[in-house]
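In case you want the letters, here they are:
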Amino acid sequence: MELQEELKSKIIEALNLEDIQPEDIDDDAPLFGDDGFGLDSIDALELIVLLEKNYGIKISDPKTGKEIFKSINVMAEYVAANRKK
Amino acid sequence: MRTLHHVVITPHRVVVDEEQMTVTSSGKMMLKEIYQSNIGNYPKFYKMDMLCKLGFVASELLLQKEGNRNIGAKGVVDEENQRDDRAVILLNSSSSICDDRAYQATIDNLDDYFPSPMVFVYTLANIVTGEIALRNRYYGETNFYVLPQKDEKVMTQIVEDSFQDEHTTSAICGWLNCDDEDHFEADLYLVEK
């Protein structure tokens, strides 16, 4: 499975986005903010846990998280470059 | 104190103002079924723990009976309809045990130790009163009491005490207990002074 698709499925599962299908998430669309999927700061923390649990990536600086979670494509790029598993 | 509407939800039964609702599922799935068929447009529902889902669905059924409620595009009551004269006062005996267990499961195994922030935020029973207040823009009193067991007399006294201030004119109140996904009870009332 392409990393983008894998991330979408994992995000939907981790954040309980039951109303959303993977195909509803555009690879370049913002995940947060008014144009996104209504995600909040707790969701951002959950995404940080998701990266550590699934890819062994530890993010300690919240500013880094803000950059990484801009879109699925940005996230996939970061995961591909930094994954430990 | 006058009762306006009454909702009872148990794992196999939903009764609104003494009239039984038709449901095809039970337990946790039943709450989802009611959300999807009677409420909708509030994706946050799916993120809630069981206690919040139960309280949210029960309060929604009460407020649908009351009518005259305008839900905005973001799934929250319109700003012009905010109110500070309605309290949310709930009670139970198991506090947030259902979510407490779920959170414990995320930290039980040191080799798989990933505390979930989303689960952690619900490890307080009174979060459900906030969820109901946020959805409806209630800025009045919100309280959650944990009792040794269901006690109608104590519950009535607590709600009557809340009406002693000059502000509160009505309340969503009652028993909201959840042990797990298949054992729960909501016995909620909409009452006025």
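Scroll up to find the structure.
Not measured: the values here are computed from a predicted model.

### Re the state of the cysteines
Residues and elements named next belong to chain B. On inspection of all chains with the given rule, the structure shows zero disulfides over all chains. Residue C52 stays outside any disulfide, its sulfur separated by 10.0 Å from that of C178, the closest cysteine. Cysteine C98 shares no disulfide, and the gap to the nearest cysteine sulfur, in C178, comes to 4.0 Å.

### Some words on unusual backbone geometry
All names here are of chain B. In this structure, E18 takes a positive phi of about 70° despite not being glycine. Turning to its location among the elements, E18 is positioned in the loop between β2 (13–16) and β3 (19–20). A positive phi angle is found at S95, which is not glycine, with a value near 45°. Topologically, S95 is positioned in the loop between β4 (86–92) and α3 (97–107).

### Some remarks on helix α2 (residues 41–55) of chain A
With 15 residues, α2 of chain A extends 21 Å from end C-alpha to end C-alpha; this agrees with the ideal 21 Å at 1.5 Å per step. By the burial criterion, the buried members of α2 of chain A are D43, E46, L47, I48, V49, L50, L51 and Y55 of chain A. Where α2 of chain A is buried, its residues contact α1 (3–14), α3 (62–68) and α4 (72–82) of chain A together with α4 (117–120) of chain B. Sitting at the amino-terminal end of α2 of chain A is D40 of chain A, which places a side-chain oxygen 3.2 Å from the backbone nitrogen of I42 of chain A. With its phi angle positive at about 65°, G56 of chain A sits one or two positions after the end of α2 of chain A.

### Considering the packing of aromatic side chains
Residues and elements named next belong to chain B. Enumeration over the complete set of coordinates arrives at six aromatic pairs over all chains. Taken together, a centroid distance of 5.4 Å and an interplanar angle of 80° make the contact between Y35 and Y46 edge-to-face. Of this pair, Y35 sits in helix α1 (residues 27–39) while Y46 is found in the loop between α1 and α2 (50–66), placing the two residues eleven residues apart along the sequence. By relative accessible area, which is 1% here, Y35 ends up buried.

### Observations regarding the nonpolar core
Counting 41 residues, the largest nonpolar core has I9 and L61 of chain B as the members making the most contacts within it. Of all elements in the fold, only β1 (2–10), β2, α1, α2, β4, α5 (127–136), β6 (170–180) and β7 (183–192) of chain B reach the threshold of two or more residues within this core. Once residues within four sequence positions are removed from consideration, L61 of chain B is found in contact with V7, I9, V14, V16, M21 and I34 of chain B. Counting residues in each nonpolar core, the second largest holds 24 residues, with I20, L47, I48 and F69 of chain A among its members.

### Here's the deal with the interface of chain A and chain B
Contact with chain A, which involves 15 residues of that partner, is made by 13 residues of chain B. Summed over both sides, the interface of chain A with chain B buries roughly 1200 Å², with 58% coming from carbon and sulfur. Linking E18 of chain A and K32 of chain B is a salt bridge whose minimum nitrogen-to-oxygen distance equals 2.8 Å. Our count for the contact surface shared by chain A and chain B stands at five residue pairs in polar contact (both at pLDDT 80 or more). A breakdown of the residues in the side of chain A that touches chain B according to their chemical character gives seven nonpolar, one polar and seven charged.

### As for the side chain of N136 of chain B
Following the sequence through the fold, N136 of chain B ends up in helix α5. Residues contacting N136 of chain B, with those up to four places away along its chain left out, are L63, R69 and V77 of chain B.

### Quick notes on the sheet that holds β2 of chain B
Residues and elements named next belong to chain B. Pairing within the open sheet is mixed, and its seven strands lie in the order β3-β2-β1-β7-β6-β4-β5. Here the strands that pair on one side only, and so sit at the sheet edges, are β3 and β5 (142–146). Bridging between β2 and β3 involves two bridges; their strand directions are antiparallel. Counted as the bridge partner of V16 is E19 from β3. Running over the sheet, α1 touches β1, β2 and β7 and is turned about 40° from β7.

### Things to note about the packing of α2 of chain B against α5 of chain B
Residues and elements named next belong to chain B. As a packed pair, α2 and α5 sit with axes 9 Å apart at the nearest point and diverge in direction by 40°. It follows from the interaxial angle that α2 and α5 lie oblique. Here α2 and α5 pass one another in a crossing that is right-handed. Of the residues in α5, those in contact with L51, C52, G55, F56, S59, E60 and L63 of α2 are I127, V128, E131, I132, R135 and N136.

### A short note on the pairing of β7 of chain B
Residue and element names in this part refer to chain B. Sheet analysis places β1 next to β7, joined by seven bridges and oriented antiparallel. Bridge pairing links H6 to Y189 in β7. Relative to β7, β6 is paired through ten bridges, and the arrangement is antiparallel. Along β7, the bridge assignment pairs C178 with F184. What sits between β6 and β7 in their antiparallel hairpin is a turn of two residues.

Conventions used here
Residues numbered from 1 in each chain as written. Chains lettered and ligands numbered in written order. Predicted model: local features only at pLDDT ≥ 70, side-chain atom pairs only at ≥ 80, totals over all residues. Heavy atoms only, no water. Disulfide = S-S within 2.5 Å. Helix = DSSP H or I, 4+ residues; strand = E, 2+ residues; numbered from the N terminus. Expected span 1.5 Å × (residues − 1). Buried < 20%, exposed > 50% of the residue type's maximum accessible area, 1.4 Å probe, protein only. Contact = heavy atoms within 4.5 Å. Polar contact = N/O pair within 3.5 Å; in protein donor to acceptor, adjacent residues only side chain to side chain. Phe/Tyr/Trp six-rings, centres within 6.5 Å; stacked < 30°, edge-to-face > 60°. Core = buried A, V, L, I, M, F, W, Y, C linked by side-chain atoms within 4.5 Å. Buried area = accessible area lost by both parts, 1.4 Å probe. Salt bridge = Lys/Arg side-chain N within 4 Å of Asp/Glu carboxyl O. Nonpolar A, V, L, I, M, F, W, Y, C, P; charged D, E, K, R; others polar. Pairing = 2+ DSSP bridges. Axes fitted to C-alpha atoms, helices over the stretch in contact; angles between N-to-C directions. Parallel < 35°, antiparallel > 145°, perpendicular 65-115°, else oblique. Left-handed = near helix turned anticlockwise from the far one by under 90°.

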